[in-house]
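# Coordinate inspection notes
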Amino acid sequence: MSESIADASPASGGPDQAYNYAYLDEQTKRMIRRAILKAVAVPGYQVPFGGREMPLPYGWGTGGIQVTAAIIGREDTLKVIDQGADDTTNAVSIRRFFAKVADVATTTSTEDASIIQTRHRVPETRLREGQIIVFQVPIPEPLRMLEPRETETRTLHALSEYGVMQVSLYESIARHGRIAKTYNYPVLVNGRYIMSPSPIPKFDNPKLDRSPALQLYGAGREKRIYAVPPHTPVKSLDFDDHPFEIERWDECCALCGSRESFLDEVIVDDSGKRMFVCSDTDWCERHQR
Amino acid sequence: MRDLAPGLADPPHDAQRLFRAVLDAISHPGRVVELIDAPAGPSGVGPAATGCLLTLADRDTPLWLGPAYDHEAVRDYLRFHTGAPLVADRAQATFALLSPEVAEFDGFAIGTDSYPDRSATLVIEVAALGSGATRRWRGPGIDGASRVAIDGPDDRFWQAWNENHALFPCGVDILFVAGRQLAALPRSIAVEA
Amino acid sequence: MYVAVKGGETAINHSLELLADKRRGERSVAELSLEQIDQQLSLAVDRVMTEGSCYDRSLAALAIKQARGDLIEAIFLLRAYRTTLPRFGDSLPIDTTEMLAERRISATFKDVPGGQVLGPTFDYTHRLLDFSLAAAGERPLAPTAPTEEPLPLPRVGDILQRDGLLEPPSQGDDGHDLTRQPLMFPASRPLRLQNLARGDEGFLLALGYSTQRGYGNNHPFVGEIRYGHVPVSFVPEELGFAIELGEIEVTECDMVNQFAGSHDVPPQFTRGYGLAFGHAERKAMAMALVDRALRADELSETATSPAQDEEFVLAHSDNVEASGFVQHLKLPHYVDFQSELVTVRALREEVERRNREAAAAAAALDKAAE
């Protein structure tokens with residue numbers, strides 16, 4: 001019995017040869033590629049796709065990984081970040097996966113990357129034309145927490161009936177005096193679809209607007225892909241008397257002195273003393289030089 | 001059965017490069033990209049048309065052939081290399097290969113308000129990209145507006161396009177091909193004279 | 001001087017080594033073989049095959065060994081492997097009337113053609129720990145019935161159906177496969193059944209139980225449960241006729257439920273259906289209860305309870321999805337949390353400022369009153 005398993009095992013002869021290039025079989029890649037093209041053609045609309053079971057857990061980037069696997073080639077240079085950092089364990093794990101199955105160069109440099117897969121951040125370095133940023137998305141439906149039913153939210157998108165979102169933001173103002181939503185802040189893409197920018201802090205929302213890079217969003221568990229083409233207007237929802245605002249810090253980065261980057265707060269001792277450092281490790285290292 | 005022309009030489013890698021070229025094109029509507037890895041294909045079909053069908057079509061995507069392409073050699077080639085079912089009813093097609101002369105958009109799937117992705121992608125072979133009549137394109141993927149020259153489609157074609165664009169988010173998407181070149185026109189793009 | 005945490009790669013490597021070490025456990029204890037898992041933990045293998053959607057006892061045993069006995073993790077391993085396998089085509093539907101049954105019971109009739117066959121069941125064990133199992137030692141083989149040619153077992157449901165007392169099973173398949181296409185709503189019954197077959201046993205058990213306690217009650221009777229071997233056949237395109245690929249073990253539950261009827265159709269009992277790989281009665285029964293509950297709309301019943309809510313049930317039944325998303329909360333979320341901190345601090349400052357201003361105004365009023 002164990003012999004037959006050894007024959008069947010994908011691990012026999014080394015994992016990199018036993019699986020197809022970039023892990024996914026060609027038929028699956030074609031299916032994902034078709035979904036990506038439709039996603040680009042209808043900016044901000046969530047295209048259902050036949051998401052596969054990946055060798056990493058749902059919720060840990062399987063959507064982003066499938067999108068990256070469908071687009072990546074040997075000529076690419078891949079950067080993977082989680083919370084803005086290249087060396088967080090999940091980023092390391094995903095980068096290792098692609099280095100192994102796609103024989104691809106990896107980098108921590110935002111500028112040098114042709115594909116950037118990210119969870120929860122957009123790099124501080126302005127993306128350029130030709131780059132593709134792939135977002136890992138947990139809940140692709142921006143209306144989900146207001147309306148849990150897919151059948152309902154799909155109709156709301158079809159009708160551009162977004163009153164429920166406006167009401168929710170308005171209630172936040174009534175309660176807190178301002179829009180208290182801080183991350184996964186909803187955006188309107190090209191004036192048509194309300195879209196979840198994934199759980200990036202609202203600090204990063206302005207970077208999505210008319211970005212020269214292509215933005216691809218992959219939700220593996222929920223089996224949706226969506227996209228924002230380059231140069232496409234992405235407006236963070238707000239009201240005339242309560243305009244959209246991003247987070248600000250009184251402090252600067254304790255390592256590089258940056259005043260323009262998103263800062264992580266680090267508790268350094270038992271008395272609760274804090275320091276602030278850049279969340280984007282590549283940006284921080286560049287500015288320390 | 002006569003000998004078929006070869007398909008992709010190195011499927012995973014050729015298909016990946018071809019797809020990235022198509023993705024680049026649809027992300028930058030009007031941009032002319034070269035499909036370097038596209039195979040020659042059957043006689044009467046250009047390499048770019050062949051390349052994008054071999055990259056994207058398979059047994060899950062019904063294919064409709066315009067009259068100029070509905071020949072045995074083309075059918076055999078595409079059926080063998082893609083496995084795509086060839087359909088006579090254009091409403092069933094996920095992909096279509098046609099020339100600009102028969103390009104009326106009527107009858108191809110345009111998706112629904114709830115599922116606008118369930119729409120056809122038309123591969124239209126034209127005389128040349130980058131020369132011919134120039135029009136102004138605007139929309140997602142284009143920084144402001146760009147002037148795009150395509151030799152082939154006539155005024156009637158562009159009128160039909162505007163009707164298609166007006167259906168947004170429904171509508172068909174177009175991949176224009178000529179020789180080894182390709183330019184994309186997604187439904188989100190408005191085209192003016 | 002603060003230095004950001006580095007060395008994720010080394011940490012992961014060490015973690016993987018530690019995990020492998022823990023998996024093996026104390027080296028003086030003999031290592032488990034896959035045959036031992038297959039033979040002696042066979043119900044765990046059955047569950048992993050069912051929810052892993054892959055009938056292969058040795059792969060399931062390997063997954064259980066690799067997962068250290070964590071069955072949801074094993075299901076995940078098996079599914080991730082299954083998804084990379086090439087597909088040759090679809091087998092023909094299995095016919096459970098051809099089953100060589102090891103067990104077959106009906107709760108709706110005292111006796112049925114073919115008889116009530118208890119077979120191997122926990123049902124009548126007294127749940128007393130059997131300390132003799134703690135010691136090594138061979139067990140005598142169980143006596144078996146005299147071997148006659150096994151008779152075909154008619155399904156109890158078919159007999160009721162012939163009299164028009166039970167609705168016929170729904171026919172046809174829309175060709176939709178959840179492992180290839182995304183789940184869409186409303187879902188067809190075949191799709192729902194595929195989802196439930198892959199669904200978490202615990203989740204289905206709780207939902208099925210809830211219907212019995214009044215949350216969508218549908219008055220179930222076990223028409224029949226049978227467990228045994230059935231042949232699997234396949235029609236290769238080049239041959240054009242069916243060939244038998246082998247046999248699989250399945251458990252089938254045909255639940256007979258509350259009668260329905262209309263002007264055109266006289267009252268008849270309705271069905272809920274459950275099927276699982278191997279011997280898995282609890283799973284098959286829970287599945288049958290939930291299947292029936294999800295037919296509320298179709299049978300013009302008012303859907304008021306969780307088990308009758310198609311989107312709720314189907315979107316949350318998958319334990320690989322659920323486990324991943326619940327556990328992803330372990331991943332760093334400090335960027336989003338920082339975002340929240342900044343906002344909460346700002347909101348608190350504003351409230352404090354307003355309180356200070358109000359206090360100052362009150363003090364000024366008091367002073368003026370003096």
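The rules we used
Residues numbered from 1 in each chain as written. Chains lettered and ligands numbered in written order. Predicted model: local features only at pLDDT ≥ 70, side-chain atom pairs only at ≥ 80, totals over all residues. Heavy atoms only, no water. Helix = DSSP H or I, 4+ residues; strand = E, 2+ residues; numbered from the N terminus. Rg over C-alpha atoms; globule rule 2.2 N^0.38 Å. Buried < 20%, exposed > 50% of the residue type's maximum accessible area, 1.4 Å probe, protein only. Contact = heavy atoms within 4.5 Å. Areas by Shrake-Rupley, 256 points an atom, 1.4 Å probe, with all protein chains shown as cover. Patch = residues over 30% accessible without salt bridge, like charges linked within 9 Å, V, L, I, M, F, W, Y side chains within 5 Å. Salt bridge = Lys/Arg side-chain N within 4 Å of Asp/Glu carboxyl O. Lys, Arg positive; Asp, Glu negative; His and termini not counted. Charge placed at Lys NZ, Arg CZ, Asp CG, Glu CD. Buried area = accessible area lost by both parts, 1.4 Å probe. Polar contact = N/O pair within 3.5 Å; in protein donor to acceptor, adjacent residues only side chain to side chain. Pairing = 2+ DSSP bridges. Phe/Tyr/Trp six-rings, centres within 6.5 Å; stacked < 30°, edge-to-face > 60°. Lys NZ or Arg CZ within 6 Å of the ring centre and 35° of its normal. Core = buried A, V, L, I, M, F, W, Y, C linked by side-chain atoms within 4.5 Å. Right-handed = clockwise from strand over helix to strand, strands pointing away. Domains from an automatic or database assignment. Nonpolar A, V, L, I, M, F, W, Y, C, P; charged D, E, K, R; others polar.

## Comments concerning the overall build of chain C
Looking only at helices and strands, chain C features 12 helices and 4 strands. The C-alpha atoms of chain C give 28 Å as radius of gyration, which overshoots the globular expectation for 370 residues (21 Å, by more than 25%). For chain C, the spread of C-alpha atoms along the three principal axes comes to 105 × 70 × 55 Å. Looking at chain C as a whole, 39% of its 370 residues qualify as buried. Long-range pairs, those at least 24 residues apart, make up 63% of the contacts in chain C with a sequence separation of at least 6. Of the accessible surface of chain C, which amounts to about 21800 Å², a share of 59% is contributed by carbon and sulfur atoms.

## Considering the overall build of chain B
For chain B, the count of helices and strands is 4 helices and 9 strands. The secondary structure elements of chain B, listed N-terminal to C-terminal, are α-β-α-β-α-β-β-β-β-α-β-β-β. Against the compact-globule benchmark of 16 Å for 193 residues, chain B has a radius of gyration of 16 Å, which places it among compact chains. Within the span of chain B, comprising 193 residues, buried residues form 57% of the whole. Taking contacts inside chain B between residues at least 6 apart in sequence as the whole, the part at least 24 apart equals 65%. Summed over its atoms, the accessible surface of chain B is roughly 7500 Å², and 49% of this surface lies on carbon and sulfur atoms.

## Comments concerning a negative patch on the surface
Taken together, A:Asp250, A:Glu251, C:Glu349 and C:Glu352 make up a surface patch of like negative charges. With respect to the helices, strands and loops of the structure, A:Glu251 is situated in the loop between strand S10 (234–236) and strand S11 (263–267).

## A short note on the interface of chain A and chain C
How big an interface is tends to be stated in terms of the accessible area lost upon association of its parts. The interface of chain A with chain C comprises 67 residues on the first partner and 53 residues on the second. Summing both sides of the interface, chain A and chain C together bury roughly 5200 Å²; the carbon and sulfur share of this comes to 59%. The interface formed by chain A and chain C contains 7 salt bridges. A:Glu53 is the salt-bridge partner of C:Arg198, the closest N and O atoms lying 3.4 Å from each other. Across the chain A-chain C interface, the total number found is 24 residue pairs in polar contact (both at pLDDT 80 or more). Of all the secondary-structure elements, those providing two or more residues to the side of chain A that touches chain C are helix H1 (2–8), helix H5 (89–102), helix H6 (150–158), S11 and strand S12 (274–278) of chain A. The element best represented in the side of chain A that touches chain C is H5(A), accounting for 5 residues.

## What about a nonpolar patch on the surface?
Residue and element names in this part refer to chain C. A grouping of Leu239, Phe241, Ile243 and Leu245 is seen on the molecular surface, where their side chains present a nonpolar patch of about 370 Å² in accessible area. Relative to the elements of secondary structure, Ile243 occurs in strand S3 (residues 243–260). Exposure remark for Ile243: the relative accessible area of 32% places this residue in the partly exposed category.

## Observations concerning the sheet that holds strand S3 (residues 95–98) of chain B
Residue and element names in this part refer to chain B. With mixed pairing, 6 strands are arranged side by side in an open sheet as S1-S8-S7-S4-S3-S2. The strands lining the two open edges of the sheet, one partner per strand, are strand S1 (33–34) and strand S2 (63–65). Pairing of strand S4 (residues 121–125) with strand S7 (residues 173–178) involves 5 bridges; the strand directions are parallel. Opposite Thr121, over in S7, you have Asp173 as the bridge partner.

## Focus: the packing of aromatic side chains
Applying the stated rule across the entire model yields 18 aromatic pairs over all chains. Taking 5.3 Å as the distance between ring centres and 75° as the angle between the ring planes, the aromatic pair formed by A:Phe97 and A:Phe98 counts as edge-to-face. For the pair shown, A:Phe97 and A:Phe98 are each scored as buried. Arranged with centres 5.9 Å apart and planes meeting at 70°, the rings of A:Phe203 and A:Trp249 form a pair that is edge-to-face. Residue A:Phe203 is found in the loop between strand S7 (193–195) and helix H8 (205–208), and its partner A:Trp249 is found in the loop between S10 and S11; the two are separated by 46 residues along the sequence. Take A:Phe203: its relative accessible area is 8%, and that puts it in the buried class. Among the aromatic residues, those joined into a ring-pair cluster are B:Phe105, B:Trp137, B:Phe157, B:Trp158, B:Trp161 and B:Phe176. Over the ring of B:Trp64 we find B:Arg90; its NZ or CZ atom is 4.7 Å from the centre of that ring.

## Re the nonpolar core
Among the nonpolar cores identified, the biggest contains 88 residues, and A:Ile36, A:Ile71, A:Ile72, A:Phe98, A:Leu216, B:Leu23 and B:Leu182 are the most heavily contacted of them. If sequence neighbours within four positions are ignored, A:Ile72 has contacts with A:Tyr21, A:Ala22, A:Leu78, A:Phe98, A:Ala102, A:Val104, A:Ile115, B:Gln16 and B:Arg20. B:Ala93, B:Val126, B:Ile142 and B:Ile189 belong to the second largest nonpolar core, which has 28 residues in total.

## Side note on the pairing of S3(B)
All names here are of chain B. Burial along S3 is two-sided: the face carrying Phe95 and Leu97 and the face carrying Ala96 and Leu98 are both buried. Alignment of S2 against S3, held across 3 bridges, turns out to be parallel. Considered in S3, the bridge of Leu63 is made with Phe95. Handedness of the crossover joining S2 and S3 through helix H3 (residues 72–82) is recorded here as left-handed. Across 4 bridges, the pairing between S3 and S4 is parallel. Bridge assignment links Leu97 to a residue of S4, and that residue is Val123.

## Notes on the domain arrangement of chain C
Residue and element names in this part refer to chain C. The domain architecture assigned to chain C consists of domain 1 (31–86) and domain 2 (96–121 + 151–325). The C-alpha centroid of domain 2 is placed 23 Å from the C-alpha centroid of domain 1. Taken residue by residue, the interface counts 15 residues in domain 1 and 17 residues in domain 2. The junction of domain 1 with domain 2 conceals about 1400 Å² of combined surface from both sides, 51% of it contributed by carbon and sulfur atoms. The largest share of the area that domain 1 buries against domain 2 comes from Thr50, Tyr55 and Arg79, three residues that together contribute 41% of it. Here domain 1 is connected to domain 2 by 4 salt bridges. The interface formed by domain 1 and domain 2 includes 10 residue pairs in polar contact (both at pLDDT 80 or more). Going through the elements one at a time, helix H3 (42–52) and helix H5 (71–82) are the ones with two or more residues in the side of domain 1 that touches domain 2. For the side of domain 1 that touches domain 2, the leading source of residues is H3, giving 6 residues. A class-by-class count of the residues in the side of domain 1 that touches domain 2 yields 7 nonpolar, 2 polar and 6 charged.

## Quick word on the pattern of salt bridges
Residue and element names in this part refer to chain B. Scanning all chains against the criterion turns up 62 salt bridges over all chains. A salt bridge links Arg135 to Asp155, with the shortest nitrogen-to-oxygen separation between them at 2.8 Å. With Arg135 in strand S5 (residues 128–138) and Asp155 in helix H4 (residues 155–165), this pair connects stretches of sequence that are 20 residues apart.

## Some points on the side chain of B:Glu125
Residue and element names in this part refer to chain B. As for its placement among the helices and strands, Glu125 is situated in strand S4. At a separation of 2.5 Å, a polar atom in the side chain of Glu125 contacts the side chain of Tyr69. Other than its neighbours up to four places away in sequence, Glu125 contacts Gly44, Val45, Gly46, Ala49, Tyr69, Leu98, Ser99, Pro100 and Val177.

## A short note on helix H7 (residues 189–198) of chain C
Residues and elements named next belong to chain C. Counted residue by residue, H7 has 8 buried out of 10 residues, so it is predominantly covered. Of the positions making up H7, those classed as buried are Arg189, Leu191, Arg192, Leu193, Asn195, Leu196, Ala197 and Arg198. Residues of H7 that are buried make contact with H3, H5, helix H8 (201–212), strand S4 (268–277), helix H9 (281–293) and helix H10 (310–316).

## A few points about the environment of C:Gly69
Tracing the backbone shows C:Gly69 in the loop between helix H4 (57–66) and H5. For the pair C:Gly69 and C:Gln308, spaced 239 residues apart in sequence, the C-alpha to C-alpha distance is 33 Å.

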